[in-house]
Amino acid sequence: MWENIGRYFGFGPSLYEAEGWFSWQHLVFVTIAIIITTLLAVLCYKKNKDKPREKQFKVLKVAAIVMITAEVVKIILHMFELHDFWAFRGVLPLYLCSILLISLPVAGFGKGRIQEAALDFTMIFGYIACIAGTYLAGNIFTSPILSFHVNVSVFTHCISGFAAIYITLTKLAKMEIKNIWIVGIILLTFELIALVVDIIQEPTDYQSNYMFLMRDSGTPFFIITNMVNGIQVLYTIVVMLLYFIYMALFIGGYHLIKKLVNLKKQKENKTA
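K.L.:
Quick question: what am I supposed to make of the overall build of the chain here?
P.N.:
A tally of helices and strands in the chain yields nine helices and zero strands. Rg of the C-alpha trace for the chain: 20 Å, near the compact-globule value of 19 Å for 272 residues, within the 12% margin. Taken over the C-alpha atoms alone, the chain extends approximately 70 × 45 × 35 Å along its principal axes. Taking all 272 residues of the chain together, 43% fall into the buried category. Considering only contacts in the chain between residues 6 or more positions apart, those separated by 24 or more positions represent 71%. As displayed, the chain has an accessible area near 14800 Å², and 71% of this comes from carbon and sulfur atoms.

Written out as structure tokens, the structure is:
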């Protein structure tokens, strides 16, 4: 029993063969995870929708603490698994999804415009982080589904989706144009940090691929690899720009939907 538990956490040969990306096991597992995530977000919204705005942040605070705890445990276990203190350099929270480890706590515990920007950032990137870390995570599902590494990765990505859905339903995010530049600065800062770390660690035993800026690693970014014929510099530039393009499309879509909803309400009021 204890041997099997150890293998689940990565200490020893895996108990099962990797089912593979987009296998039926992968799709069923992540679909159940997404359904549970959505239901929990809706339930939390219904429970807190009539509470004062300040009380509604409690859900985000709990989600932030749980997410950070899970990530820390993952990093520590990775170090023990490899018997190497420096192994943490390969699992630093420098992926796009990992930025939520900072934006979510600020969204829950912060104040003022920084909190508003963090709420916007969490809502904008929480959805894509959830989908990318579950359905599109070809790099994660090279390991068996019943393993700690896969389970905790899906869990933390689902927390990102949970937070985004909850923020959307409670309308905690204002998505004001005056705060968008802060969201952009946060994204650019992490991109540059990830790129520097990737470049520094590339020739070492701890080479990384944070934010997938160096290579696609079996993710849908292989489309970009093919598009630029494998040219490293072009690949990195295009991937960095894609994150901003997604952000712009999300913000534009948000304001378009909001405008259409307001127009509909105005027409209903006139005809009432």
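K.L.:
Would you mind showing me how to read the packing of aromatic side chains here?
P.N.:
In this description, a pair of aromatic rings is defined by centroid distance and the angle of the planes. Enumeration over the complete set of coordinates arrives at 10 aromatic pairs. Chaining the aromatic ring pairs together yields one cluster made of Y95, Y210, F212, F221 and Y243.

K.L.:
Any chance you could explain the pattern of salt bridges here in plain terms?
P.N.:
Scanning the model with the defined rule gives four salt bridges in all. K74 is the salt-bridge partner of E71, the closest N and O atoms lying 3.2 Å from each other. On the criterion of helical spacing, the pair formed by E71 and K74 is a turn pair, its members being three residues apart in helix α3 (residues 53-82). For K74, a relative accessible area of 17% puts it in the buried group.

K.L.:
What is the right way to read a positive patch on the surface from this model?
P.N.:
A cluster of basic residues, K47, K51, K55 and K58, forms a positive patch on the protein surface. Turning to its location among the elements, K58 is positioned in helix α3. Among the residues examined, K58 registers a relative accessible area of 59% and is labelled exposed.

K.L.:
Sorry if this is basic, but what is going on with the side chain of S153 here?
P.N.:
Among the secondary structure elements, S153 is positioned in helix α6 (residues 148-170). Here S153 falls in the buried class, since its relative accessible area comes to 3%. Setting aside residues no more than four positions away along its own chain, S153 makes contact with K74 and I140.

K.L.:
Teacher, can you tell me more about the nonpolar core here?
P.N.:
A general feature of soluble globular proteins is that nonpolar side chains tend to end up buried together. Core analysis: the biggest nonpolar cluster contains 55 residues, and L60, F125, L187 and Y243 have the highest contact counts within it. Contributing elements (two or more residues each) for this core: α3, α4 (100-109), α5 (112-132), α6, α7 (177-201) and α9 (232-271). Among residues more than four places away in sequence, those in contact with Y243 are L96, F125, L187, E191, M211, F212, L213 and F221. Counting 11 residues, the second-largest nonpolar core is a separate cluster that includes A137, F141, V150 and V154.

K.L.:
Would you take a moment to explain a nonpolar patch on the surface for this structure?
P.N.:
A contiguous nonpolar surface patch, about 710 Å² in accessible area, is contributed by I231, V233, L234, I237, L241, L242, I245 and L249. In this structure, L242 sits in helix α9. The exposure class of L242 is partly exposed, given its relative accessible area of 30%.

What counts and how
In every chain, residue numbers begin from 1 and rise along the written sequence. Reporting of local features is limited, given that this is a predicted model, to residues whose pLDDT is at least 70; pairs of side-chain atoms are given and counted only at 80 or more, and all residues count toward the totals for whole chains, interfaces and linings. Computation of side-chain values: all heavy atoms of the structure, hydrogens and water removed. Counting from the N terminus, the helices are the DSSP runs of H or I reaching at least four residues and the strands are the DSSP runs of E reaching at least two. Atoms considered for the radius of gyration are the C-alpha atoms alone. The globule rule reads 2.2 Å times the number of residues to the power 0.38. Summary of the burial criterion: residues with accessible area below 20% of their type's maximum are buried, those above 50% are exposed, and those between are partly exposed, where the area comes from a 1.4 Å probe applied to protein chains only. Contact definition: two residues touch when any of their heavy atoms are within 4.5 Å. Surface exposure here means Shrake-Rupley accessible area, sampled with a 1.4 Å probe, where a residue is shielded only by the protein chains that are shown. Only Phe, Tyr and Trp rings take part, Trp by its six-membered ring, and two of them pair if their centres are within 6.5 Å. Stacked means planes under 30 degrees apart, edge-to-face means over 60, and tilted covers everything else. Any Lys or Arg side-chain nitrogen found within 4 Å of a carboxyl oxygen on Asp or Glu counts as a salt bridge. Patch construction takes residues with relative accessible area above 30% that form no salt bridge. Like charges are linked within 9 Å, and nonpolar side chains (Val, Leu, Ile, Met, Phe, Trp, Tyr) are linked within 5 Å. For the charge count, each Lys or Arg is scored as positive and each Asp or Glu as negative, with His and the chain ends excluded. Every charge is mapped to an atom, namely NZ of Lys, CZ of Arg, CG of Asp or CD of Glu. Among buried residues, those of type Ala, Val, Leu, Ile, Met, Phe, Trp, Tyr and Cys that are joined through side-chain atoms within 4.5 Å constitute a nonpolar core.

Purely geometric stuff here, so don't read any function into it on its own.
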